[in-house]
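This is what each chain is made of:
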Amino acid sequence: MIVWICTDMEGLSGVDHWDQCYHPDDNAPEYLYGREQLTADTNAAIAGAFDAGATEVRVVDGHGRNQNKGFTETLDARARRCWIASRKPVRWEGLDESVHCVAMIGQHAMAGTIHGFLDHTQIPKELCRFSVNGVEYGELGQLALYAGAYGVPLVYVSGDEACCDEVQRQFPHALTTSTKRGTGWETCALYNCDEVRVAIRRDLAEAVRLAKRHNAFSLPSPLNIAVEWAYSAKADRLAKAPGVVRTDARTASWEITDPLDIFTWPG
């Protein structure tokens, strides 16, 4: 039984500042602290997966700033590290038909979510809305759709309260663990890290045990993708790619037939 875990940083326990996720200096104390929290939350998730009977746990560092280098040397050695392909088409290593279920650690809410700590979709402060067939999805919804192409369900997410609310709206079968409560875009009230990590281990284990009860996420094809930017220059550039339709000054759209291409943009 293979459990595939994708991590992010904004929704981690202990993280309450932009610089802990995005500091440009790899050696900055704030960023190193963020990486430590990433590894600690991930280790709790790995332990939970093995508690539930996993025979293999695969983990991928999904935080773009980290460039696949976010985990510290204290990452649980039982887990297999996987990677995100930097070339097109974008593919997530280790996620295929052999996987039992998908979990996400340290996730954030989609762009425009009130009380979402560092809420965004793909590109903070630049992308306002990402829609599929007219319904808005964040990064967790996109990953659920990608995994669904292999018949693999998303069963668990940890993150701030707003992220957990998003999960319950769109994937009510999935279990969640709240790590903090957002009080503004860049402010939050943290929950006790030790208690959160105990809960991550417990809740993820329960989600893995229940995974067989849930269907993978899918949507009717073709999939119409629409991206609304904060300013029109971004749409200007995207609209030059073949197959892209400019729907208004800040929005461009295109169609895909394979859900695996949800993270592969034109151009």
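In this numbering scheme, every chain counts its residues from 1 along its sequence in written order. The model is predicted, so local features are restricted to residues of pLDDT at least 70 and side-chain atom pairs to those at 80 or more, both for listing and for counting; the totals for chains, interfaces and linings are taken over all residues. For side-chain calculations, the full set of non-hydrogen atoms in the structure is used, while hydrogens and water are omitted.

So, the layout of surface pockets
Here is step 1: Approximately 720 Å³ is the volume attributed to the largest pocket.
Here is step 2: Labels follow the DSSP assignment, with helices taken as runs of H or I lasting at least four residues and strands as runs of E lasting at least two, numbered in each case from the N terminus. For the lining of the largest pocket, the elements supplying multiple residues, two or more each, are β1 (2–7), β4 (99–107) and α3 (139–148). Only protein atoms enter the 1 Å grid, on which a cavity is a set of points fitting a 1.4 Å probe that cannot get out and a pocket is an open set with protein on both sides within 12 Å along at least 5 of 7 lines, lining residues being those with an atom within 4 Å of a point. Grid points are joined across faces, edges and corners, and a volume is the space filled by probe spheres set on the points.

A short note on the pairing of strand β12 (residues 245–248)
On a regular strand, one side chain projects to one face of the sheet and the next to the other, so that they alternate.
Here is step 1: We treat two strands as partners when DSSP finds at least two bridges between them. Relative to strand β13 (residues 251–256), β12 runs antiparallel, the two sharing three bridges. Residue pairing across strands places R246 opposite A252, the latter belonging to β13.
Here is step 2: Counted between consecutive antiparallel strands, the loop separating β12 from β13 contains two residues.

Quick notes on the side chain of T72
Here is step 1: Summarising the element assignment, T72 is placed in the loop between β2 (56–61) and β3 (80–82).
Here is step 2: The definition of a polar contact used here is a pair of N or O atoms within 3.5 Å, where within protein one atom must be able to donate a hydrogen and the other to accept one, and adjacent residues in sequence count solely through side-chain atom pairs. Within polar-contact distance, the side chain of T72 engages the side chain of T74 at 2.8 Å.

Overview of the sheet that holds strand β8 (residues 175–178)
Within a sheet, neighbouring strands are paired by backbone hydrogen bonds and run either parallel or antiparallel to one another.
Here is step 1: Ordered by their spatial adjacency, six strands build an open sheet running β3-β2-β1-β4-β7-β8, and the pairing between neighbours is parallel. Every interior strand has two partners, whereas the edge strands, β3 and β8, have only one. For this sheet, the mean angle separating the axes of adjacent strands, direction not counted, is 20°.
Here is step 2: Of the pairings in the sheet, the one linking β1 to β4 comprises six bridges and is parallel in character. Looking at the pairing, I2 lines up with V99 of β4.
Here is step 3: Each of β4, β7 (154–159) and β8 touches helix α4 (residues 161–170); the most contacted strand, β8, lies at about 170° to it.
Here is step 4: Every residue pair with non-hydrogen atoms within 4.5 Å of one another is taken to be in contact. Interaxial angles span 0 to 180 degrees and are taken between N-to-C directions of axes, which are lines fitted to C-alpha atoms, for helices over the stretch in contact. Here helix α5 (residues 193–209) sits on the sheet and contacts β1, β4, β7 and β8; the angle it forms with β8, its principal contact strand, is near 175°.

Regarding the nonpolar core
Here is step 1: Residue types Ala, Val, Leu, Ile, Met, Phe, Trp, Tyr and Cys, when buried and joined through side-chain atoms within 4.5 Å, form a set referred to as a nonpolar core. Exposure categories follow from relative accessible area, calculated using a 1.4 Å probe and restricted to protein chains: below 20% of the type maximum is buried, above 50% is exposed, and the middle band is partly exposed. Core analysis: the largest hydrophobic core is formed by 46 residues, its most contacted members being W4, W92, L95, L143, I225 and I262.
Here is step 2: If one sorts the elements of this core by residue count, α3 sits on top with six residues.
Here is step 3: Counting 35 residues, the second largest nonpolar core, distinct from the first, contains A79, I105, L204 and A211.

Describing the pattern of salt bridges
Here is step 1: For salt bridges, the criterion is a side-chain nitrogen of Lys or Arg within 4 Å of an Asp or Glu carboxyl oxygen. Applying the stated rule across the entire model yields 16 salt bridges.
Here is step 2: The shortest N-O distance in the salt bridge between D41 and R197 comes to 2.6 Å. Taken together, the residues span a long stretch of sequence, with D41 in helix α2 (residues 29–51) and R197 in helix α5 at a distance of 156 residues. The residues D41 and R197 share a single accessibility class, namely buried.
Here is step 3: Among the ionic contacts, a cluster of salt bridges with common partners joins E56, R58, R80, E93 and D96.

Describing α5
Here is step 1: To estimate the expected span of a helix, count its residues, drop one, and scale the result by 1.5 Å. An ideal rise of 1.5 Å per residue puts 24 Å on 17 residues; α5 measures up with 24 Å between its terminal C-alpha atoms.
Here is step 2: Where α5 is concerned, the buried positions are V196, R197, A199, I200, D203, L204, A205, A207 and V208.
Here is step 3: Buried residues in α5 make contact with β1, α2, β4, β7 and β8.
Here is step 4: Its side-chain oxygen at 3.1 Å from the backbone nitrogen of D194, N192 defines the N-terminal cap of α5.

Considering the packing of aromatic side chains
Here is step 1: Any two rings among Phe, Tyr and Trp, with Trp reduced to its six-membered ring, count as a pair given centres within 6.5 Å; such a pair is stacked if its planes are under 30 degrees apart, edge-to-face if over 60, and tilted if neither. Under the defined criterion, the tally for this structure stands at eleven aromatic pairs.
Here is step 2: Between Y146 and F263 the ring centres are 6.0 Å apart and the planes differ by 55°, which places this aromatic pair in the tilted class. Taken together, the residues span a long stretch of sequence, with Y146 in helix α3 and F263 in the segment after β13 at a distance of 117 residues.
Here is step 3: Judged by its relative accessible area of 0%, Y146 is buried.

Remarks on unusual backbone geometry
Here is step 1: The omega angle of the peptide bond from K88 to P89 is -5°, so this bond is cis rather than trans.
Here is step 2: Relative to the assigned elements, P89 resides in the loop between β3 and β4.
Here is step 3: A cis geometry characterises the amide bond from S221 onward to P222, with omega recorded as 5°.
Here is step 4: Relative to the helices and strands, P222 resides in the loop between α5 and β11 (223–229).
Here is step 5: Of note, the phi angle at N68 is positive, near 65°, even though the residue is not glycine.
Here is step 6: Turning to its location among the elements, N68 is positioned in the loop between β2 and β3.
Here is step 7: With a relative accessible area of 18%, N68 lands in the buried category.
Here is step 8: The phi angle at H115 is positive, at roughly 65°, despite the residue not being glycine.

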